[in-house]
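Spelled out, the chains give:
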Amino acid sequence: MSQTQYKAFRVTETPNGLFSRQIEQLNTSELPERGVLIRVRYSSLNYKDALSSHGNKGVTRRYPHTPGIDAAGIVIKSNSGLFREGDEVIVTGYDLGMNTSGGFGEYINVPAEWIVPKPAGLSLKESMIFGTAGFTAALSIHHLLRSGQEPQAGPILVTGATGGVGSLAVAMLTLLGFDVIAATGKPEQENLLRKLGAKTVIDRKETDDLSGKALLRPRWSGAIDTVGGNILATLLKSCAEHGNIACCGNVSSPELHTTVFPFILNGVNLLGVNSATTPMANRKILWEKLSNVWKPTLPAELIHETNLMDLDLYITKILQGKIAGRVVLKHDNE
C-alpha cells in the first residue's frame, strides 16, 4: 500500500495506568489491511467513544487506539468487488472504533462487509448527524413497528430524550405519526424537545418508580429506553397491555430488576436492540429509510460541529451529560 500521512485523535495508556489524548500524525501503512481503505470526511461523537477515550477496557482492550464508532467518507482503495475508488460510504457498528482504528482518524481500513453505500438522499455530513445514534433509533422503531406498535394505541415514551438516540427517536416517531412523551433530566431543554415534536415532556423522576409495586397504572403504550436500570423496570410495569418496549442502552445501569407480571399479565414485549451487528440487508433498508421517509429535520441547536483540535472538550461534556443532540466531527482532509 502506498503511504499517506494523516491525523488522528489517539488515546495512549501511560505506564502508571493513566490515559492521555492527543492528535498524532500517522501513516496509512500502519493500518491493518482489512480490504477497503476509506478517507473519512465526517465522524460523530457517541457515549461509547467517550468511554474509549478515557480508557474503558470494556469498550477498548488495547491502546494506543483511535476511537470513533462512526465514519462516513470516500473509498480510496478496495480489494472487494463491492466497492470501487470514489464511492461514498458509511461505516457504523461492528468493531469500528472499539478495537479497530475508528473515525477519529482521517483514514480507516475495514472489511467490505462492514460498509453501507451512502444513500442518495443523504450527504456525508447528514449521515453522521444520524450515525450510530440515528441508526439505533431507527432500529428501535423498526422493532416496535414489527411487533405491531401503532400510533392509535397511545403515546410512546422516549427516555434520555435529549441524547443522541433519544432526540432522534423523538423526531422520527413524531414524523411517523406517534404522540411522543419525552422524559428528561434537563427541564431547561423542554422547548427543544417540543421543537423535535414531543407532545409531552416529563421529568425523568416520573419514570423511576421506587414503590416496589409489581404493576402500575398504564401511562404509555410503548417506549424506547436508552438508560436501563430501574427506569426500564418502571417502563415495563407502567406500559399498557400488549405494548412494546425497545431497550437500546444502559447509561443509568445495565441491571434490570423486575417481575414477570408485565409480561404474563399485560402481555408487554421487551425488545432487545443491538445495532452493532445488525445484518447488512437490514442495515441497507434502514439507512435508505433514514435518507427519505424517516428523515427528520433537526433544530440547528441540536447539531454541534467540531474538529480534531476541539474534540476533547466535547468528550468531557458528553461524559458530564452536558450535550443535547449530536456532535459531528469534520475532518479537514479535502
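Structure: see above.
Attention in this report is confined to the structure presented alongside it. (Residues numbered from 1 in each chain as written. Predicted model: local features only at pLDDT ≥ 70, side-chain atom pairs only at ≥ 80, totals over all residues. Heavy atoms only, no water.)

## Examining the overall build of the protein
Selection criterion: The helix count covers DSSP runs of H or I at least four residues long, the strand count covers runs of E at least two residues long, and both are numbered beginning at the N terminus. Each radius of gyration reported is based on C-alpha atoms, and the globular scaling rule is 2.2 Å times the count of residues to the power 0.38. Accessibility here uses a 1.4 Å probe with only protein chains present; expressed as a share of the type maximum, an area under 20% marks a residue as buried, one over 50% as exposed, and anything in between as partly exposed. When checking whether two residues touch, look at their non-hydrogen atoms; a contact exists if any pair is within 4.5 Å. Surface accessibility in these figures is a Shrake-Rupley result with a 1.4 Å probe; residues are shielded only by whichever protein chains are displayed.
In terms of regular secondary structure, the protein is built from eight helices and 15 strands. Relative to the globule expectation of 20 Å for 334 residues, the C-alpha radius of gyration of the protein, 20 Å, shows essentially globular dimensions. In terms of principal-axis extent, the alpha carbons of the protein reach across some 65 × 45 × 35 Å. Split into buried and exposed, the 334 residues of the protein put 53% on the buried side. Taking the intrachain contacts of the protein between residues at least 6 apart in sequence as the baseline, contacts between residues at least 24 apart amount to 70%. Only carbon and sulfur atoms are counted for the fraction: they give 50% of the accessible area of the protein, which is about 14400 Å².

## Some remarks on unusual backbone geometry
Here the bond from tyrosine 63 into proline 64 is cis, since omega is 5°, no more than 30 degrees from zero. Here proline 64 is to be found in the loop between helix H1 (47-53) and strand E4 (70-78). Although it is not a glycine, tyrosine 94 adopts a positive phi angle of roughly 55°. Relative to the assigned elements, tyrosine 94 resides in the loop between strand E5 (88-92) and strand E6 (107-110). Positive phi outside glycine occurs at histidine 242, with the angle close to 65°. Its location among the elements puts histidine 242 in strand E12 (residues 239-247).

## Remarks on a nonpolar patch on the surface
Worth spelling out the cut-off: Patch membership requires over 30% relative accessible area and the absence of a salt bridge. Like charges are linked within 9 Å, and nonpolar side chains (Val, Leu, Ile, Met, Phe, Trp, Tyr) within 5 Å. Any carboxyl oxygen of Asp or Glu that lies within 4 Å of a side-chain nitrogen of Lys or Arg is treated as forming a salt bridge with it.
On the surface, Val260, Phe261, Ile264 and Leu265 cluster together to form a nonpolar patch covering roughly 390 Å² of accessible area. Positionally, valine 260 belongs in the loop between E12 and helix H6 (261-264).

## Observations regarding helix H3 (residues 164-175)
As a reminder of what qualifies: Every helix has an expected span of 1.5 Å times one less than the residues it contains.
For H3, built from twelve residues, the straight-helix expectation of 16 Å at 1.5 Å per residue is met to within 8% by its first-to-last C-alpha distance of 17 Å. Most of H3 sits out of view: ten of its twelve residues are buried. Every buried residue belonging to H3 is among Gly164, Val165, Gly166, Ser167, Leu168, Ala169, Val170, Ala171, Met172 and Leu173, and all of these are buried. Glycine 177 occupies a position one or two residues after H3 and carries a positive phi of about 95°.

## Quick word on the side chain of threonine 92
The residue threonine 92 is located in strand E5 in this model. By relative accessible area, which is 3% here, threonine 92 ends up buried. Setting aside residues no more than four positions away along its own chain, threonine 92 makes contact with Ile69, Asp70, Met128, Gly131, Thr132, Arg283 and Trp287.

## Description of the sheet that holds strand E9 (residues 180-184)
What counts, and what does not: A pair of strands is considered paired only if DSSP assigns at least 2 bridges between the two. Axis definition: a line fit to C-alpha positions, over the contact stretch in the case of helices; interaxial angles, taken between N-to-C directions, run 0 to 180 degrees.
Overall, parallel pairing links the six strands, which are arranged E10-E9-E8-E11-E12-E13 in an open sheet. A single partner strand is all that each edge strand has here, and the edge strands are strand E10 (200-203) and strand E13 (269-272). Put simply, the sheet's adjacent strands are angled 20° from each other on average, direction ignored. Here E9 pairs with E10 via four bridges, running parallel. Bridging across to E10, alanine 182 finds its partner in valine 201. Packed onto the sheet, helix H5 (residues 229-237) meets strand E8 (156-158), strand E11 (220-225), E12 and E13 and runs at close to 150° relative to E12.

In short, geometric facts, not functional conclusions.
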